[in-house]
Amino acid sequence: MENKNGLRAPVSQKPHVVPKPEDTSTIGGTVSIEINDVKYSVPLGTTILEACRENHIHIPTLCHHDDLCIAGVCRLCVVEVTGMRTLQASCAYPITAPIKIKTSTPMVRKARRHIIDLMLSEHHGECYSCVRNNNCELQALAKEYGVDCYNFGHVKESQYEIDDSSYSVVRDMDKCVLCKRCVRTCIDLQEVGVLEAINRGGETMISTFMDKQLADVICINCGQCINRCPTGALHEKDTSDDIWKAIDDHAKHVVIQTAPSPRAAIGEEFGLGAGHSMTYELNTALKRIGFDAVFDTNFTADLTIIEEGTELIIRLYKALIEKDKEVALPQFTSCSPGWVKYLEHFYPEYIPNLSSAKSPQQMFGALIKTFYADKVGVDAKDIVSVAVMPCSAKKFECNRPEMEDSGFKDVDYGLTTREMAKMIKEAGIHLPEMPKTHFDSPFGDASGAGLIFGATGGVMEAAIRTVVEFVTGNKTEDIFEKANILPLRGFEGIKYMEIPIGNNVGPVPDLIKHLVPDWNWLKGAVLKVAVAHGTANAKKIMEDIKRGGKFSECHFIEFMACPGGCIGGGGQPIPTTPEIRKKRAEAIYAEDESLEIRKSHDNPSIKKIYQEFLNEGPCSHLSHKLLHTHYKKRGRYIA
Amino acid sequence: MLVVEKNSLTDEIEVLVEKYGKERSSLLPILQEIQRNHKYISDFAQQEIARLLDIHPVEVYSVITFYSFLNAKPKGRNIVRLCRTITCDLLGKENVVAAIERELGIKFGETTKDNRITLEYANCLGMCDQGPALLVNDKVYTELTPEKAVQILNSVR
């Protein structure tokens, strides 16, 4: 039978055609539309969702995330478009012609309510006992749409077993709403490829290769999936109870180190906007909770710069002067445990390129249970060493068997920013109102160079601030205004920079005098460095190096597993969006600029530790024992 | 799996990748051939396919689990699929189910101990006018009665 348009297909099977612009010269131009009878003008190609958000019209979404590609699977963002028979997913509808949109009609509201009811019908778990209670997108939507009963029933019993095999990430599929944000995060954003949807129809679920446990597949523990999960289906493995236990045990000396990124973000958990640094308020709060000493991870970040920088100089010297063919260049940074595990799995043949220097967290752990234990006269076995990190992979890192160089587990617990905020709240403390306290001695001071480790490009900037002064003898400020190395900042996926050394070299500083006789061999050289954040970008660089491309000629490359670096880490407050990452980075750079000491080698505590404890200098026997490590060729075969 | 078996499987997949190309779209024909030749696609084969197509093993697994005719785990020598869709149901499917389960001593979704038969349900086989319908490997049997079904099963080796 023919319908009124003369087509044989029934109306229900007629494909929707998104109107193309009649005049292609308008591409890049604007188009005028009507949303809820108000006229707007938007750039051609804007999605309906973007147009609405731009104009402060709220559209609920679950599968949409600013970091990820469009999926259009949750259908919550449906709107009416005049002339279209069915509701349209606003996130996946690019505006190419003047259209009229209605965002709140009875049909839209009913459809959204139905979708929420259907999700709730399969969502098992009590809100009270959920880590995401009060910060859950599904819970918020249920409230927004006035869900007061389960229209389509509610699953009473757990359907899936909780997978807590990993040190970092726990999967509770009972709470999954199949938005596939984690899938897009893992495959597109990070290119690790742990999670995918399996089966079909009503049996669809998110799973791993051959339904194995997370600990048995190639997961780098970056936690980016946790950060994007709208519900409590993915969360970190919470160790805060163990820490409370240690604090309450008076025989234990519990110390904590705080990394720069959690300090720039933890305020968000207490209702502050993004970009408020809480460094000194956090110190007070931690002391009030009951930690015996609070240290600044930036101190070991400074130490990392000295150790890793020295290692680079040794590598360059061996390669250029001693013509040692075994030396692996470019040298890769090793502070990001997600990146380290990524390399171990996907490019194990490049492990020699990885700096042997431990991450700042692990360096601190080793020093606390040796140097510090001696200094305060506490038996290392009674010290419980905690680290607040923006990171879920740090939980895995501190449990690596090779991280016991002090004779004990160097770091006992890695806490995420979220867990820390939870503990502070549990102690009845409102963080923003805390007075400010400084870090405890003997590690007290840290430089701004250690601080900027938190943002992508920060490690490289810190390293260059030191290397440039070491080699040229000139102040970094003379070369880069205010010692800010701007080409390394910002969120471009891959950054590249060349630094000409010039013909004037300075004397070799005392600290590394025993390693290189002079700098004449670096005269006229050009130092080539690169920065990548997010493992998808890391993969691009690695493939280029494999092909022998531009990056294979670099000397030093910084890799961070998480987009934006640590400030966008998997342990950071939820949500994390590009805008929030930008604000956190700004907070870190502002704090750096406010500090007096902004170069790692200027840090007096660093000078002191090389005099008092690591007195054979960087990359010496003792520093190799405590501050350096080795890696494991894991490969990508899943047994 | 023995190293020799692994190597020959890798060789086989390499030939298939050569034949169909390294694009993502080659995944299905490659999987179909491996399924045809080996009756299932082992976890090793999945990872080799993923490696050679430069995708993730979990994506291969995801595709396999999506399609009923691709298996990630070994099944019986013969796969018997009974249509469970509404027409066959109205035409007396339940009696056939009872007879088959009694005859083989297994339930649907299971495999006989001697590995001879795996029982599964299938959705519409397109034989609604001649139901109940049964698929043995790739051969269709129609207008089943419990007796006829048992007879067919006994002829399957």
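Here the structure is shown first, and the text comes after it.
Residues numbered from 1 in each chain as written. Chains lettered and ligands numbered in written order. Predicted model: local features only at pLDDT ≥ 70, side-chain atom pairs only at ≥ 80, totals over all residues. Heavy atoms only, no water.

1. Concerning a nonpolar patch on the surface
Together, Leu2, Val3 and Val4 of chain B line one region of the surface with nonpolar side chains, adding up to about 330 Å² of accessible area. In this structure, valine 3 of chain B sits in helix α1 (residues 3–20). (Patch = residues over 30% accessible without salt bridge, like charges linked within 9 Å, V, L, I, M, F, W, Y side chains within 5 Å. Areas by Shrake-Rupley, 256 points an atom, 1.4 Å probe, with all protein chains shown as cover. Salt bridge = Lys/Arg side-chain N within 4 Å of Asp/Glu carboxyl O. Helix = DSSP H or I, 4+ residues; strand = E, 2+ residues; numbered from the N terminus.)

2. Description of the sheet that holds strand β4 (residues 88–89) of chain A
All names here are of chain A. Across the sheet, five strands lie side by side as β2-β1-β5-β3-β4; this open sheet has mixed pairing. Each end of this open sheet is capped by a strand with a single partner; those strands are β2 (38–43) and β4. Here strand β3 (residues 78–81) pairs with strand β5 (residues 100–102) via two bridges, running antiparallel. By the bridge assignment, valine 81 is partnered in β5 with isoleucine 101. Contacts from helix α2 (residues 106–121) reach β3 and β5 within the one sheet, and its direction differs from that of β3 by about 155°. (Pairing = 2+ DSSP bridges. Contact = heavy atoms within 4.5 Å. Axes fitted to C-alpha atoms, helices over the stretch in contact; angles between N-to-C directions.)

3. Digging into the nonpolar core
Phe332, Trp339, Leu343, Met542, Ile557 and Phe559 of chain A together with Ile49 of chain B are the most contacted members of the largest nonpolar core, which totals 72 residues. Counting residues per element, this core draws most heavily on helix α3 (residues 43–53) of chain B, at six residues. Excluding residues within four positions of it along the chain, leucine 343 of chain A makes contact with Phe332, Pro348, Tyr350, Ile351, Leu354 and Met542 of chain A. (Core = buried A, V, L, I, M, F, W, Y, C linked by side-chain atoms within 4.5 Å. Buried < 20%, exposed > 50% of the residue type's maximum accessible area, 1.4 Å probe, protein only.)

4. Quick notes on the interface of chain A and chain B
Contact residues are listed per partner, giving 20 residues for chain A and 17 residues for chain B. Taken over both partners, the interface formed by chain A and chain B buries close to 1700 Å², and the fraction arising from carbon and sulfur atoms is 58%. Counting the contacts that link chain A with chain B gives zero salt bridges. Taken together, chain A and chain B are joined by seven residue pairs in polar contact (both at pLDDT 80 or more). Looking at which element gives the most residues to the side of chain A that touches chain B, the answer is strand β7 (residues 196–198) of chain A, with three residues. (Buried area = accessible area lost by both parts, 1.4 Å probe. Polar contact = N/O pair within 3.5 Å; in protein donor to acceptor, adjacent residues only side chain to side chain.)

5. Overview of the environment of glycine 125 of chain A
Structurally, the position occupied by glycine 125 of chain A is in the loop between α2 and α3 (137–144). When its relative accessible area of 31% is taken as the criterion, glycine 125 of chain A is described as partly exposed.

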